[in-house]
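# A look at the structure
Residues per chain, in single letters:
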Amino acid sequence: MFRGELFLEAVGPIAGAAIVTAELTVAAGLIGLAAGALAAMAQIGGGWGGALAGRVYVSLMRGTPLYVQLLVVYFGLAFAGLSSQAFLAAALAIGLNSGAYCAEILRAGILAIPPGQIEAAQAIGMGRLRIWQRVVLPQAFIASLPPLTAELTIVLKSTPLASVVAVTEITYTGVLIQSRNYSAIEVFAVVALAYIAMAQVLLRGSRALERRFRPFRA
Amino acid sequence: MNLKSLGILALAAVLGAGAAAPAGAASLKDVKAKGVLVVGIDPTFSPFEFTDASGKIVGYDPEILEAAAKNLGLKVEYKVMPFSGILPALIAGGFDVTPTLNVTAERAKRIDYVIPTSTSTNAVLAVKGGKVAASDIGALSGLTCAVKQTTQPEQMMQKLNKELTAAGKKPVELLGFETIDQTVVALADGRAQCVVDDKSVLVEAVGKRKDLALVVVGDIGGSTPIGWGVNKADADLTAALSAEVAKLKADGTIGKLQEKYFGYTMVVPEKDFIPAQ
Amino acid sequence: MHDTFEVFVEYGPLLLEGLYETVLLTLAGALCAFMAAMVLHAAAASPWRPLRAVVRLYTELILGLPILVLLYCIYFAGPGFGLRLSAVASGLLTLTLYYSPYMAEAIRAAVAAIPSGQIEAGQTVGMGPFAVARRIVLPQAGALALPALVGLLIGLAKDTAILSIVSVKELSYMTKQVVSRSFMPFEVWAGVALIYWVCLSTLDLAMRRLERHLTRHRRLAP
């Protein structure tokens, strides 16, 4: 029942598609981190306007399916004249979605910083931007590493949806192979293994990162 | 511009820009300047469009398309996506052209068609010795039928369902999937009693899955031309592609490709091919 | 804008039908996933090591697997193993298998946060394990786990959209139908995003109220 040759045939194309998945994960992860940091900063230090904008952003992203967000961003970019940018649309949609969760994580990390530190920074004459950059964000980032890396795994697991906007990543490559030779079991075995392997890489990498930064934690 | 404002912009667009006209894809001039014809495709529809063992996109329409593009001095770049996303993306300007699209009156209002490259007749696929005795809609009443989401065969079945309910009969339950192989698997597993789609595609599936004892019961509905869709904003691109298709028809290339992929030649209309209804 | 409005009026019944299915799937999926999470939680605390190892392996596996891949495996590869489920049943099984480890983790964290002294005190005054669970652990852990569980419930509600790929006729499936008829992808998807958002925000708000209600004793204390 399990046809080994079909399993082996799927390995090459899916390994190739894994590169697309990896690129998309990294791009969306970085966009998510940046969007999350900005949204968290806006909510905490951006006055009432910033707080409102930050909350609306988080609420919209958390309150709608990523599947729908992908389509809206894809068609939205088309309205903006960036119509054939499938990878950009996917990275942006997945990244902005992840940004809402990063914002919540970072907000908790920022609020955990003792106010005395910020007062001390002000006392030695640091400006607002410098305080964010030198005192608050680095500590919040390090303190939030475990949930942030868990979020990156979720980004990896969101990438299959990018196929709806013409990004041929691992899962859709599997669908295409299956459509050719009717090999659901063999192909999805390869697909599942690819994701589990990539998730393991992320897990190991994040543990190493946490160890590396542990000396800096309060 | 930072990312968040970009996000807010996108969301503002979501809520406010509902009535704006789509930007549209590039015109023929832009396409020629790029030197690339961007093609949106769902290559899971053999023999019309599919992938070979190396993953390369091949098939009847891609071969004609590549010949036409070559004559226009263009390279072809494929954007691969499920069919349910193809028409929306074409309207949004995600690519310049999409092949293998049934010509329907409804679609012709929103997109333009290059002159057709083939004709399609829908047929009913079933398991040998199963519940499906005949391919007319009355015989399918009350059964479950797998189709591809948002395709012409699905819409045709929805229309036939209206006739069934009007006649006081039970409608056919339609299960929509993303690819033909998924519909065939649903049939083979007994989750549907039949599949309705293009006959040549179903014949191909029967050949591929000899182990399943599938049979094409017969035709259903009339036949429709199949052509390539282009964004309404690109009238000159449509005209240029139509001229190329006409040339490839005249010099016999298309006839040869029909023999190669379908095993027979078809009569394909060149004028007035858009149905009234 | 006018056109968009007309589309939503014309196809409103179809979309409502889909929304109804989405709500049912969410409720049934959440219930099944929560019950499975309780089983996982109990199994993870089992004295029998192989069982604990199986739970750990299963959790690791799910944490690395996209829900879409899980759905494909169950629906398209399942029949090869004799598992032949309808689209809705496959969808529910997918939601259950995918969300139960996450929910089990939320339950574990909440239970772990209850001081063991309280449980010992309950045992000392002669409460059986059931009474301890019902009167000491559950009321507190329930409130503690709620925020995380609500987040997962909303995640589960959103992931029902994925089931449209295997012919489950929920809101996103119906939306694809409407888009293919109206040819207004952007407007229709944006409108449907709004529908999801209103429903899920309402759910979120209601759950926050519930959480406030369940933790009211903490605010009454000095």
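Treat the numbers as computed from the prediction; the structure is a model and nothing was measured.

## Thoughts on the overall build of chain C
The number of helices and strands found in chain C is 10 helices and zero strands. Reading chain C from its N end, one meets helices and strands in the order α-α-α-α-α-α-α-α-α-α. Projected onto its principal axes, the C-alpha coordinates of chain C cover approximately 70 × 50 × 25 Å. Of all 222 residues assigned to chain C, the portion counted as buried reaches 41%. Considering only contacts within chain C whose residues lie at least 6 apart along the sequence, 77% involve residues at least 24 apart.

## A few points about the interface of chain A and chain C
Listed by partner, the interface residues are 29 residues for chain A and 27 residues for chain C. Counting residues per element, the ones that place at least two in the side of chain A that touches chain C are α2 (47–62), α3 (66–79), α7 (145–158) and α9 (184–213) of chain A. Here the residues of the side of chain A that touches chain C sort into 20 nonpolar, seven polar and two charged.

## So, the environment of Ile 196 of chain A
Relative to the helices and strands, Ile 196 of chain A resides in helix α9. On the basis of neighbour count, Ile 196 of chain A is assigned to the partly exposed category, with 17 C-beta atoms found within 10 Å. Sequence separation of Ile 196 of chain A and Leu 145 of chain A is 51 residues, and the distance between their C-alpha atoms is 21 Å. For Ile 196 of chain A, the contacting residues outside a window of four places in its chain are Leu 61, Gly 64 and Leu 65 of chain C.

## What to know about helix α1 (residues 4–45) of chain A
Residue and element names in this part refer to chain A. Taking 1.5 Å of rise per residue, 42 residues should cover 62 Å, and α1 covers 58 Å from first to last C-alpha, within 8% of that figure. In the structure, α1 departs most strongly from a straight axis at Val 11, where the bend amounts to approximately 30° and where the proline Pro 13 lies between one and four residues downstream. Looking at the residues trailing α1, positive phi occurs at Gly 47, about 70°.

## Things to note about the confidence of the model for chain C
Residues and elements named next belong to chain C. Per-residue confidence for chain C averages 92 on the pLDDT scale, and 98% of its residues sit at or above 70. When the elements of chain C are averaged for pLDDT, helix α10 (residues 216–220) gives the smallest value, 72, and helix α2 (residues 12–44) the largest, 96. For this predicted complex, the interface confidence comes out at an ipTM of 0.88, alongside a pTM of 0.89.

## Side note on unusual backbone geometry
Backbone phi values are negative for most residues with the exception of glycine, while trans is the configuration of most peptide bonds. Each neighbour pair has its own omega, and for Ser 46 of chain B with Pro 47 of chain B the value is 5°, a cis peptide bond. Within the secondary structure, Pro 47 of chain B is located in the loop between β1 (36–41) and β2 (50–51). Backbone geometry at Tyr 182 of chain A places phi at a positive 50°, although glycine is not the residue there. Among the secondary structure elements, Tyr 182 of chain A is positioned in the loop between α8 (170–181) and α9. For Tyr 182 of chain A, a count of 21 C-beta atoms within 10 Å puts it in the buried group. Despite not being glycine, Ala 213 of chain B shows a phi value in the positive range, around 55°. Tracing the sequence through the fold places Ala 213 of chain B in the loop between α9 (199–208) and β11 (214–231).

Quick notes on the rules
Residues numbered from 1 in each chain as written. Chains lettered and ligands numbered in written order. Predicted model: local features only at pLDDT ≥ 70, side-chain atom pairs only at ≥ 80, totals over all residues. Helix = DSSP H or I, 4+ residues; strand = E, 2+ residues; numbered from the N terminus. Buried ≥ 20, exposed ≤ 12 C-beta atoms within 10 Å, placed from the backbone. Contact = placed C-beta atoms within 7 Å. Nonpolar A, V, L, I, M, F, W, Y, C, P; charged D, E, K, R; others polar. Expected span 1.5 Å × (residues − 1). Bend = angle between axes of the 7 residues up to and from the residue. pLDDT = per-residue confidence, 0-100.

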